[in-house]
Every structure is written in structure tokens, then in C-alpha cells.
Amino acid sequence: MNNLLMIGMNFHTYEDEIIKCISEMGFSVDKITDQPNRTHGYGLLPVKIREQDTVLFLKKQLKHLNKSYDIVLVFVGRKLQKFFLEELRKRNPNAKFILYLWDDLARVKNYYEVKDCYDEIITFELEDALKLNLRFVPLYYMPEYCVRKTNKTYDLCTISSEHSDRIGIMRSLIKSNTDGMLFNFRILALWKSYIKYILSGRKKEDEKNGLLYTTKSATIPETAKLMSESRAILDIQHFSQKGLTNRTLEALGAGIKLVTTNEEVKYYDFYNP
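Within every chain, residues take consecutive numbers counted from 1 along the sequence as written. Totals for whole chains, interfaces and linings use all residues, but because this is a predicted model, local features are given only for residues with pLDDT of at least 70 and pairs of side-chain atoms are given and counted only at 80 or more. Water and hydrogen atoms play no part in the side-chain values, which are based on all heavy atoms of the structure.

What follows deals with the sheet that holds strand β11 (residues 257-260). Across the sheet, 5 strands lie side by side as β9-β8-β7-β10-β11; this open sheet has parallel pairing. Two strands bound the open sheet, and with one partner strand each, they are β9 (211-214) and β11. Strand-to-strand twist of the sheet, defined as the mean angle between neighbouring strand axes without regard to direction, takes the value 20°. Two strands are said to pair when DSSP picks up at least two bridges between them. Labels follow the DSSP assignment, with helices taken as runs of H or I lasting at least four residues and strands as runs of E lasting at least two, numbered in each case from the N terminus. By the bridge criterion, 3 bridges tie strand β7 (residues 154-161) to strand β10 (residues 230-235) in an arrangement that is parallel. Geometry is summarised by axes, namely lines fitted to C-alpha atoms with helices restricted to the contacting stretch, and by angles between N-to-C directions that run from 0 to 180 degrees.

Let's shift gears to the pairing of β11. Relative to β11, β10 runs parallel, the two being bridged by 4 bridges. Across the sheet, residue Ile-233 finds its bridge partner in β11, namely Leu-258.

Our focus in this paragraph is helix α2 (residues 47-64). Count 3.6 residues to each turn of an α-helix, and residues three or four apart come out pointing the same way. With 18 residues, α2 extends 26 Å between its outermost C-alpha atoms, agreeing within 8% with the 26 Å of an ideal straight helix rising 1.5 Å per residue. Only protein chains enter the accessibility calculation, which uses a 1.4 Å probe; a residue whose area is less than 20% of its type maximum is buried, one above 50% is exposed, and one in between is partly exposed. Of all the positions in α2, only Asp-53, Thr-54, Phe-57, Leu-58, Gln-61 and Leu-62 are classed as buried. Any two residues whose heavy atoms approach within 4.5 Å are treated as being in contact. Turning to α2, the residues buried within the fold contact β2 (27-33) and α3 (82-91). Each residue after the first adds 1.5 Å to the expected span of a helix.

A few words on the packing of aromatic side chains. The aromatic pairing rule takes the rings of Phe, Tyr and Trp, using the six-membered ring of Trp, and pairs them if the centres are within 6.5 Å, calling planes under 30 degrees apart stacked, those over 60 edge-to-face and the rest tilted. What the rule picks out here adds up to 13 aromatic pairs. Taking the centre distance of 6.4 Å and the plane angle of 35° together, the rings of Tyr-194 and Tyr-197 count as tilted. Of this pair, Tyr-194 and Tyr-197 are both found in helix α7 (residues 191-200), 3 residues apart, which corresponds to roughly one turn of the helix. Residue Tyr-194 shares its accessibility class with Tyr-197, and that shared class is buried. Aromatic rings pair up to connect Tyr-14, Phe-75, Tyr-100, Trp-102 and Tyr-140 into one cluster.

Written as C-alpha cells, this is what we have:
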């Protein structure tokens, strides 16, 4: 049996599904992360302290890796440093190192520093693939999203984390809703923002209009259920992102309409003008 080391970023339970599929292909899979999983307040620490913490974390990860691998598969790996990848290569000289970019290069600051450590680089972003001659592999949806319901409760839903102008766009949609559409918007807040939000006194009004601002992540079954109960899903990509989000592909699996701010969707074969 071949051994595969997967270096991920704790992206909900998507990585668990990938491990399951790779295992079914006959691999023995070990998984580590590229950065420490700290509390919400961790991001408030000075950058230098966080960088030192990451270095110590990566060194600790190396101590626990005492197996030889045939494949090293990295998802994004924005926190991986060259010393880590070079040491891993030294221990596994015959392994194939693959980087799968789930993010635009503009948001992967270490890319040019570590790209030569990989044998193959794959990206979900069409423009980066064309520009840098990388292999293009779009994202995917999981079987949980293929539930189809004919009776719909909501007209438009979304479940997303807080960044860029997402909450502003949701509020402007609520404000311009003169047709009595039913919204179910759920946004995962950072603790710092959530405290400010509670103090602002907007919670009651937002929830009356179908906007839930929360610190609790939704599970994949919860997300799939909400999508199956909705006619369409709202997708607001990060302002620097051009590649399609997972939510776009999940809308295909769920068989519902997609309302998106990402104009790149026009260049994909499932788009119908």
C-alpha cells in the first residue's frame, strides 16, 4: 500500500471527505496542518509572534513524521516554509510533491518562495492556470448536496464566513426587497466583530429580516439542508478572488440557482447567459 501525506488547513470537514476518497483508492493517508489551530484571539497577536509560533509548530510537526511517503499532497500551504519542505524532501527523496491551490495566488504570499519544492502545482483558478501554465482542476461538491426538494421555504439563502463586503451586500438586498422574498442569510463572525455587533443593537432587526450573525459554524449537513430548502443561493467571493468558490459547485450539486458577485463564472461550461 502506498503512503500519502496530506497537509491541509482544517477547512471544515472537506478534507475528511478527500481523505476518505484517497483511502478508497488504496492509499494509507496521514494528515497534518500547516499552521497551529489557535483561538479567535490569536489573530490579534503581533505578526512576528505568530510567525515564530508557526516555525515552532512546523518543527514540531517534523518530529512526528517518522514514516516514508510516496506522495505529499498540500492544499494551499500558505504557512509552509522552505526549511520544512526541504527537510520533508530529504526524508522522502522519491516522493511526488503536489500543491493544490484552493486560493488565488494573490492570497498565497509564500508561493514564489516555495514553488520549486513541488513536482506539480494545480490550481482551481482559471486565470492563474493560464497565466502560469499550471494544471487547472476546479473544485467539487460532496454527495450531501445532491438532495433535491420540490417544496421550497426560502427564496435566497447563504452560509458564509465574514470578510470583505459580504454583510453589506446582504443588507442592501434586504433593503431593496420589495417583493416579499424570504431570505435566510447566515454569516460566521469573528469574536471581535460579533461583540461590536451585539453592542450596535442591530441583532433583533437583522434576524427579523432573515440575517443571522453568529459565531457558530454550520455543519455540512446543515448547509446542505438549507440549500435544499432554497430556490437560490447567494455567493459573494473575496474581493481578490477570481476562482470559483466551493459554494458555486455545491449549487450545481443541489440543483438550485446561483446568485454570485463573481463574473468569472461566465467562463465555465455550465454557465448559461
